[in-house]
Amino acid sequence: MAASSNSSLSGSSLSSDPEDFQPPIWKSYLYQLQQEAPRPKRMTCPQELESRPRHYGREFHGMISRERADQLLNGAEGSYLIRESQRQPGSYTLALRFGSQTLNYRLFYDGRHFVCEKRFESVHDLVTDALITLHVESRAAQYIARMTANPIYQHLGYASLLRQRATHTHTHTHTQQPKHVTFQQEDRVASTLVKMSVLDRQCSYEKIHNFKVHTFRGPHWCEYCANFMWGLIAQGLRCSDCGLNVHKQCCKLVPSDCQPDLRRIKKVFSCDLTTLVKAHNSSRPMVLDMCIREIELRGLTSEGLYRVSGFTDHIEDVKLAFDRDGERADITAEAYPDINIIAGALKLYLRDLPIPLITYDLYHTFIQAAKLPDPEARLEGVHEGLLQLPPAHYETLRYLIMHLKRVTMHEKENLMNSENLGIVFGPTLMHPPDQNTLASLNDMRYQKVIVQLLIEHEDVLF
């Protein structure tokens, strides 16, 4: 089974200009095998059977034995029929001829036909896919097992353009050593902590691909290994954020370098934070920047800022404006004179994040830190939690807390100190991973403590 002529990558041409990029020559061996797969041949029953289920056709032969099914198939490669099981009446078996033997599969129907995970509109499609899969995977088992050993992913235009974009986007990345800082607590110097500022953190935000099973119309090749994706349906996976197409076995090897395509981002609210900022090539979500800019322009002295609710319908209008217009959304005083509407929209955005700003996996880390009786240990625990946040979450939280610190500087006018802001933002920034309402209520005071500590010690925690 020589495949050397098809397994080497040639003809690729990389260029700094994406318009000049020439794709590599795809490996055709598996495509050729699919073309050679046996074609399905339906063995029809000569008489009409009253017991035939309505979702089966004339390929149903009633309650017959395995031996009788084997005889009816007559050794013809790709021939198939359906029979009712003699051992389990009411259950049905697909008898399929492949590789000089009759294979029997338990057949199910729930509106579509299936044997395993894949669902098909017709038995004929199911058999077609089965024959392709059996033929390709039996003839090329060794080839498939090693096809990920020589990936082309790093040579594709997608990966090279990602590297260029990352270089131009995050020019502020530094490799300095983390800074050492001290906390001043009640005239006592707390223990030395390692502080990593935003400039010290690697800002080339990593993002895993959001792969989902996909049915490709027409021939498609894996963009990791360059091999053909065989089968009739659900041949592989597609990243719903960037559109990368790969085999199921290749997806585990693809680096966490998803660069979301704005055309695939349907909304701003309820969108994963890292996905949104990568799609817009920004450090923080636009909603945060634009709302904070507007609030600091005309709302820092507004009494009850963030505590007083804006009109719900108007907040929803702001949400729709961001989802529809993105950075062009109009949230100026002319459009929304009440600053509480803008503050409410910002809180709604943070509350609607599918993964909270303080992520689910770090929720208990922060709660446990808040429960520590020793102030010094409490700050150390919070700091350790901050350093484990994903970069996009860290930067967004840092920017938000800096803003809230500025809000407290106008406490005499707005009546919002760090404790009040902690009450408002605690449940907004962190939720228990199990979505347990009782646990959330029990933890509310600790959520408040976390936000209060972040605000009061913003200068050293970030």
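Residues numbered from 1 in each chain as written. Predicted model: local features only at pLDDT ≥ 70, side-chain atom pairs only at ≥ 80, totals over all residues. Heavy atoms only, no water.

J.: Which parts of the structure should I look at to understand the sheet that holds strand β11 (residues 211-214)?
T.: Within a beta sheet, neighbouring strands are joined by backbone hydrogen bonds and run either parallel or antiparallel to one another. With respect to topology, 3 strands assemble into an open sheet ordered β11-β12-β13, the strand pairing being antiparallel. Whereas interior strands pair on both sides, the edge strands pair on one side only; in this sheet they are β11 and β13 (245-246). Direction of pairing for β11 relative to strand β12 (residues 236-239): antiparallel, over a ladder of 4 bridges. Following the sheet pairing, K212 is matched in β12 by R238. (Pairing = 2+ DSSP bridges. Helix = DSSP H or I, 4+ residues; strand = E, 2+ residues; numbered from the N terminus.)

J.: Is there a simple way to think about the side chain of N340 in this case?
T.: Looking at the element boundaries, N340 is found in helix α10 (residues 339-351). The class of N340 is buried, set by a relative accessible area of 9%. Ignoring anything within four residues of it in the chain, the contact list for N340 reads S302, G304, L305, V308, S309 and G310. (Buried < 20%, exposed > 50% of the residue type's maximum accessible area, 1.4 Å probe, protein only. Contact = heavy atoms within 4.5 Å.)

J.: How should the nonpolar core be read in this particular structure?
T.: Grouped burial of nonpolar side chains is what soluble globular proteins tend to show. Core analysis: the largest hydrophobic core is formed by 69 residues, its most contacted members being Y306, F322, L386, L397, L400 and F425. Formed by 29 residues, the second largest nonpolar core is a distinct cluster that contains A140, M147, Y153 and V254. (Core = buried A, V, L, I, M, F, W, Y, C linked by side-chain atoms within 4.5 Å.)

J.: Would you take a moment to explain the pairing of β12 for this structure?
T.: Note on strand geometry: in a regular strand, side chains alternate between the two faces of the sheet. In the sheet, β12 pairs with β13 via 2 bridges, with the strands oriented antiparallel. In the strand pairing of β13, L237 is matched with V246. In this antiparallel pair of consecutive strands, β12 and β13, the connection spans 5 residues, and G243 shows a positive phi of 90°.

J.: How do you make sense of α10 when you look at a structure like this?
T.: Because the α-helix completes a turn every 3.6 residues, residues three or four places apart line up on one side. Taking 1.5 Å of rise per residue, the 13 residues of α10 would be expected to cover 18 Å, and the 18 Å separating its terminal C-alpha atoms lies within 8% of that figure. Of all 13 residues making up α10, 12 are buried, and the element is well covered by its neighbours. Every buried residue of α10 is accounted for by I339, N340, I341, I342, A343, G344, A345, L346, K347, L348, Y349 and L350. Where the residues of α10 are buried, they touch α7 (273-279), α8 (286-298), α9 (312-325), α13 (391-408) and α15 (418-429). If you check the start of α10, you find a side-chain oxygen 3.0 Å away from the backbone N of N340, and it comes from D338. (Expected span 1.5 Å × (residues − 1). Polar contact = N/O pair within 3.5 Å; in protein donor to acceptor, adjacent residues only side chain to side chain.)

J.: I tried to follow the packing of α8 against α10 on my own but got confused; where do I start?
T.: The relative placement of two packed helices is expressed as an angle between their axes plus a distance between the axes. At their nearest, the axes of α8 and α10 sit 10 Å apart, and the two run at 155° to each other. What the angle tells us is that α8 and α10 run roughly antiparallel. Note on packing geometry: the crossing formed by α8 with α10 is left-handed. For the pair α8 and α10, the contacting residues are V287, L288, C291, I292, E294, I295 and R298 in the first and I339, I342, A343, L346 and Y349 in the second. Its residues assigned to classes, the contact of α8 with α10 shows 10 nonpolar, no polar and 2 charged. (Axes fitted to C-alpha atoms, helices over the stretch in contact; angles between N-to-C directions. Parallel < 35°, antiparallel > 145°, perpendicular 65-115°, else oblique. Left-handed = near helix turned anticlockwise from the far one by under 90°. Nonpolar A, V, L, I, M, F, W, Y, C, P; charged D, E, K, R; others polar.)

J.: When you look at the packing of helix α2 (residues 29-36) against helix α4 (residues 123-139) in this model, what are you seeing that I'm missing?
T.: Taken N-terminus to C-terminus, the directions of α2 and α4 make an angle of 130°; their axes are 9 Å apart at the nearest point. Between α2 and α4, the crossing angle belongs to the class labelled oblique. As α2 runs across α4, the sense of the crossing is right-handed. Of α4, the residues touching α2 (which contributes Y29, L30, L33, Q34 and E36) are I132, H135, V136 and R139.

J.: Is there a simple way to think about the state of the cysteines in this case?
T.: Covalent bonding between the sulfur atoms of two cysteines defines a disulfide. All told, the structure shown has 0 disulfides when counted by the stated rule. Unpaired in this structure, C225 has its nearest cysteine sulfur neighbour in C222, at a distance of 3.8 Å. Judged by relative accessible area, which is 0%, C225 ranks as buried. (Disulfide = S-S within 2.5 Å.)

J.: Help me understand the packing of aromatic side chains in this model?
T.: The geometry of an aromatic ring pair comes down to the distance between the two centres and the angle between the two planes. For the coordinates displayed, the defined rule picks out 12 aromatic pairs. An angle of 40° between the planes, with centres 5.7 Å apart, marks the rings of Y31 and W221 as tilted. You can see Y31 sitting in helix α2 and its partner W221 sitting in the loop between β11 and β12, a full 190 residues away along the chain. For Y31, a relative accessible area of 27% puts it in the partly exposed group. Between the aromatic rings of F269 and Y349, the centroid separation amounts to 5.4 Å while the plane-to-plane angle is 85°, which identifies the pairing as edge-to-face. With a gap of 80 residues between them, F269 in the loop between β13 and α7 and Y349 in helix α10 connect regions that are remote in the sequence. Taking the relative accessible area as the measure of exposure, Y349 reaches 0% and is therefore buried. By way of ring pairs, the aromatic residues Y31, W221 and F228 are connected into one cluster. Directly above the ring of F114 sits R119, whose terminal nitrogen or CZ lies 3.6 Å from the centroid. (Phe/Tyr/Trp six-rings, centres within 6.5 Å; stacked < 30°, edge-to-face > 60°. Lys NZ or Arg CZ within 6 Å of the ring centre and 35° of its normal.)

J.: What is the right way to look at the side chain of E294 in this model?
T.: Within the secondary structure layout, E294 lies in helix α8. Residue class for E294 comes out buried when judged on its relative accessible area of 11%.

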